[in-house]
Amino acid sequence: MKIGTKEFDCKHKTYVMGILNVTPDSFSDGGRWNKLDAALKHTEQMIQEGAGIIDVGGESTRPGYEQVTDEEEIARTAPVIEQIKKNFDIPVSIDTYKSSVAKAAIQAGADLVNDIWGLGYDAALAGVIAEAGIPCCLMHNRKDLAKHPYQNFMEDLLADLKKTVAAAKKAGIRNDRIILDPGVGFAKTYENNLEAIRCLEQLQELGYPVLLGASRKSVIGLALDLPVQERLEGTLVTTVLAVLKRCAFVRVHDVKENVRAVRMAEAIIF
């Protein structure tokens, strides 16, 4: 798959997507990188540590998050994306589910749209992605789990993702432009999250590259009874599992450690 100017061997390698939250309130690093200079320094560090993509987010999606306006999200992300593309040779992803934010980010140079609602929030987003001809990562999510509970979790997750893919294709998004994400931490219980990670190979059967985003999430905190600042080892375990189960991407906060984990796992299994 080509993202920006870079080719990614999604069948044989696992790439690290570095998280750059330019927000004041993200669950683990809110307020650290929301100034332009700090964001660029952190981007440079992640590139040096081996990140293959930088994922820029302007709205926290932690549990209980407060939605910001499109204008505020654009003001947070577009200048950062523009400067990253100006200063570094690396693909940039925009972490948004809003069509106007995605459009502004693409104009600023974004190479990929990472949508936590899998095209289920903003009906216009699919068209924006299709028109730009860029790849997208479509995550599994459900708006109202109380009204729409899972009957069989993995079967339902896969069925939901098939509907997401159908919506993408209907809008004109090319088949080779789609990445899927099981949505660890979103509309799922602790047990659901563990099952999603354990059954990652089932997502591969849909025929698309898979991204795992489990870095520092509550499933790790609950399993190890640890606060967010102490979840690195747990994250590394999920990253190694992602490699073993042939995920193309892992989205993480701690780039250096996860890149090393990926390289060691790949050295063993390939």
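The model shown is predicted, which means the values in this text are computed figures rather than measured ones.

A. The arrangement of the side chain of Glu-59 in detail. Tracing the backbone through its elements, the reader meets Glu-59 in the loop between strand S4 (53-57) and helix H2 (70-87). Judged by relative accessible area, Glu-59 falls into the buried class, the value being 7%. Side-chain polar atoms of Glu-59 contact the side chain of Tyr-97, separated by 2.4 Å. For Glu-59, the side chain forms a polar contact with the side chain of Lys-98, separated by 2.9 Å.

B. A look at the sheet that holds S4. Strands sit in the order S8-S7-S6-S5-S4-S3-S10-S9 across an open sheet of 8 strands; the sheet is parallel. Pairing within the sheet leaves two strands with one partner each, and these edge strands are strand S8 (178-181) and strand S9 (211-212).

C. Quick look at helix H3 (residues 99-108). Taken residue by residue, H3 has Ser-99, Val-101, Ala-102, Ala-104, Ala-105 and Ala-108 as its buried positions. Looking at the packing, one finds that the buried side of H3 touches H2, strand S5 (92-95), strand S6 (112-115) and helix H4 (125-132). Just past H3, the residue Gly-109 takes up positive phi, approximately 125 degrees.

D. Layout of the state of the cysteines. This structure, assessed with the given rule, holds 0 disulfides. Considering cysteine sulfurs only, Cys-247 is the nearest to Cys-199, which forms no disulfide, with 12 Å between them. No disulfide involves Cys-247; its sulfur sits 11 Å from that of Cys-137, the nearest cysteine. When its relative accessible area of 1% is taken as the criterion, Cys-247 is described as buried.

E. Main features of the packing of aromatic side chains. The tally for this structure, following the rule as stated, stands at 5 aromatic pairs. A centroid spacing of 5.8 Å and a plane angle of 55 degrees characterise the contact between Phe-8 and Phe-249, whose relative ring orientation is tilted. Of the two residues, Phe-8 is situated in the loop between strand S2 (6-7) and strand S3 (15-21) and Phe-249 in strand S10 (residues 249-252); the sequence distance between them amounts to 241 residues. Counting every residue linked through ring pairs, the aromatic cluster contains Phe-8, Tyr-15 and Phe-249.

What counts as what
- Here, residues in each chain are numbered from 1, in the same order as that chain's written sequence.
- Confidence filtering applies because this is a predicted model: local features only for residues at pLDDT of at least 70, side-chain atom pairs given and counted only at 80 or more, and all residues used for totals across whole chains, interfaces and linings.
- Hydrogen atoms and water are omitted, and side-chain values are computed over all heavy atoms in the structure.
- Strands are runs of DSSP state E lasting at least 2 residues, helices are runs of H or I lasting at least 4, and numbering of each runs from the N terminus.
- Burial classes: relative accessible area under 20% of the type maximum marks a residue as buried, over 50% as exposed, and values in between as partly exposed (1.4 Å probe, protein chains only).
- Side-chain atoms alone can form a polar contact between residues adjacent in sequence; in general such a contact is a pair of N or O atoms within 3.5 Å, and within protein one must be able to donate a hydrogen while the other accepts it.
- DSSP calls a pair of strands paired once it identifies at least 2 bridges connecting them.
- Here, two residues are considered to be in contact whenever any of their heavy atoms come within 4.5 Å of each other.
- What counts as a disulfide here is a pair of cysteine sulfur atoms lying within 2.5 Å.
- Any two of the Phe, Tyr and Trp rings considered here, Trp counted by its six-membered ring, make a pair once their centres fall within 6.5 Å; the pair's planes then place it as stacked at under 30 degrees, edge-to-face at over 60, or tilted in between.

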